Structure formats: structure tokens, C-alpha cells
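Per-entry structural report
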Amino acid sequence: MKYVDEYRDGALARKVAAAIAAAADPQCSYSFMEFCGGHTHAISRYGLEDLLPGNVRMVHGPGCPVCVLPIGRIDMAIALASRPEVTLCTYGDLMRVPGSRGSSLLRAKAAGADIRMVYSTLDALAIAQAEPQRQVVFLAIGFETTTPPTALAIRIASSKQLSNFSVFCNHVLTPPAIRGILEHPDIDAGAVPQLDGFIGPAHVSAVIGSNAFAEFAERFRKPVVVAGFEPLDVMQAILMLIQQVNDGRHKVENQYVRAVTAEGNLIAQAEVATYFELRDSFEWRGFGRVPASGLRLKSEYAAFDAERRFEIEEVSAPDNPACECGAILRGVKRPTDCKLFGAACTPETPMGSCMVSSEGACAAHWTYGRFRDHARRVA
């Protein structure tokens, strides 16, 4: 298949790996964060870290929207779904994310709550049209990639005057999260290595454009390379970052030219701007409240805002103290640094959100990385 086989070619990967080894100055160390969980998954799945020199380190970032949703918001969703008149629609990977006191949407469903898994916002709209006696709430989650479909759902619901459809909005933004990482006290305290650059998210950048990351190159003097999700995409992005560091440059470069432009998808951006506005702050798992990082519906569309319609109060709940998911999302720790990893916490019995979503760092390492860890120990 075009643009798949070419970007998984082993011979080409070895050539790029050789170029990386040649470019990496042995007197220097390089620390790059891949923000997106899709990149973390690719790095683990294809064993890309095994192809890198020892002085090039990849740091997992918070780019999994399921992972960064705080426990309090899960508790709010469960409380909403427990109302007898409500049908809560959500994506499947949210069902098993732990809430507080061992709760989850899946357990709430088993206890009788009307919670349904859907593949798109249009599925939720179809349920609202088919069952006018139910209050259908779509649990909206994701970065800039999944926000336009939610905006489209509001547009359709408004045009059809669906009085029984609303959105519980948990959409968050990528640039404020990167800013939060660079300004977090973890870096100043030396808990995480000084980051030399970022692999920028692919699908997010297709919507907001590569120019959205200019701040990190200009203000923070950190190079950013937007990359696709195939293994050779990631390898080429690492090479481009190393070359920028060696040259003392800090620019935003676009490796993923086959899908991303500098300006992004202007139609999608306009659709989002029509229906959404910034919250003053939004809580992220592992980060606390991050300023101007979340979206909510504008007041003129309050009728479709579940938080307003059902007068949902904000809930904040602490993480499981034994779970290191928050530190892993900030790049401070790796999955294997968590005492629960592979013991109490597995994909079948997740104790934290990083083990639930396939894009979570713990789930990716469980699926692929632990076998290489075992092979290294045996060797």
C-alpha cells in the first residue's frame, strides 16, 4: 500500500539509522520528546530506540487524550451517566479508564447506567434522533484532531433543533501542554533531562498547522519537527532534530509534508472557532490545571453544553498514589519505573489511564517493549 510499505522499509530504516549515528556527536547527549502517543506506539512497536545511538534518548510525552483526562472528569461523567434520563455516548477506550474508588464507565454500565460505545459523533446524533425521550450526551474528548467532528455535531444538532442532545466537552489543546512541560518545575529540578527538541504531533498538525509550534522554536529555542506515524517518519524526524541541534538552529520543520501544511486545515479551524472558546484553565492528569488549555461551548450554544444543562459541578480527585501515570505523562518516569507495571497493572486490570489506551506509554511498552527488556536482560 502506497505510503505504508515505503515508510516501513527495513533497508531504508538501517540507512537512516546509520545517518543518525553519523550525525550524533559522541561528545553530546540528545534528549527529544515525542509528544504524541501515536509516536510512542510506533517507537515501541518497531523497536526504534534499539536503532539509536546510546546518547540519543527519547522521552515519552503526554500526547494521549485518554491518558491526560483527570480522574475528576471521569467521576463527573459517571455521575452524569447515572442519571435515569441520560444516555451517555463515548468512545470505547474511555470505558475502562479508572475513576476514583475503583469506578469506571464500564462498571457504571454494568451497574445499570445507559452508557453506549460509539465510533463517531454522528452515531450519538443518530441515537438522539431515534430516542427523543432520552437525554443523549456525547462525552467529547481529544486534542485538536477530534474537535472539528464535535463542532460538526453541534452544527447538525442546532440545525435539526435536537433538544435532547448535548456534549460533555473535554477537548484540550496541544501547544499549552508543551508549554506546560517546558515551564514545569520538574525540568528546573532536574527530574527530567533538559529537552533538546520535540517531535510534533501528526494528526493534530494536519488541523492546526506546523506554524502553531513556532512559539517553542522562537521563545524556548527548541527545535520542533512535525512527523508522521510510520517508523521511517519518526527516524527521519530524529535525524532532522539532531541536525538542528548540531547547527545551533531552533526552527519548526515539517517532515510530514504529505499531510501537513504550515497553516493547517482552515475550514476545520473556522468550524471549531464558531462553536468553542477557551476555558481559563483545565485540569490535566499529572500537570494540574494548565492555563488556556481546554475548550468549552460558547454561551450562544449553551443549550448543547451538558455541564450547563445538567448543572454539573467540577470535581477534582487525586490519582492512585501507587500509580506513576502522571510522572510518565510529564516524561519524568518510564513505564517500568512504576511498581504496578506488569504486576497489579496490566491491560486487563489497568490501574492508570496510561495502560488503557493503545497510545498510552504503559500499554505500548507492555505490548512491545517488555519483550526487548527481557531479551536485553538475558543477553
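Let me sum up the structure you'll find in this document.

So, how was this worked out
Residues numbered from 1 in each chain as written. Predicted model: local features only at pLDDT ≥ 70, side-chain atom pairs only at ≥ 80, totals over all residues. Heavy atoms only, no water. Pairing = 2+ DSSP bridges. Helix = DSSP H or I, 4+ residues; strand = E, 2+ residues; numbered from the N terminus. Phe/Tyr/Trp six-rings, centres within 6.5 Å; stacked < 30°, edge-to-face > 60°. Buried < 20%, exposed > 50% of the residue type's maximum accessible area, 1.4 Å probe, protein only. Axes fitted to C-alpha atoms, helices over the stretch in contact; angles between N-to-C directions. Contact = heavy atoms within 4.5 Å.

What follows deals with the pairing of strand β12 (residues 288–291). Strand direction decides the pairing type here: strand β11 (residues 281–284) and β12, joined by 4 bridges, are antiparallel. Along β12, the bridge assignment pairs Glu 283 with Arg 289. Between β11 and β12, which pair antiparallel in sequence order, lie 3 residues; one of them, Gly 286, sits at a positive phi of approximately 85 degrees.

Quick look at the packing of aromatic side chains now. Enumeration over the complete set of coordinates arrives at 8 aromatic pairs. Here the aromatic rings of Tyr 275 and Tyr 301 are separated by 4.7 Å at their centres, their planes lie at 55 degrees, and the arrangement is tilted. With Tyr 275 in helix α13 (residues 266–275) and Tyr 301 in the loop between β13 (295–297) and α14 (306–309), this pair connects stretches of sequence that are 26 residues apart. For the pair Tyr 275 and Tyr 301, one class covers both residues: buried. Relative to Trp 366, the ring of Phe 341 has its centre 6.3 Å away and its plane inclined at 75 degrees; by these criteria the two rings are edge-to-face.

With parallel pairing, the 4 strands of this open sheet are ordered in space as β4-β3-β5-β6. Because the sheet does not close on itself, it has two edges, and the strands there are β4 (115–117) and β6 (165–171). Ignoring which end each strand starts from, the neighbouring axes of this sheet average 25 degrees apart. In the sheet, strand β3 (residues 86–90) pairs with β4 via 3 bridges, with the strands oriented parallel. Counted as the bridge partner of Cys 89 is Arg 116 from β4. Contacting β3, β4, β5 (135–142) and β6, helix α4 (residues 71–81) runs over the sheet at an angle of about 170 degrees to β6. Docked against the sheet, helix α6 (residues 121–130) engages β3, β4, β5 and β6, running at close to 175 degrees with respect to β5.

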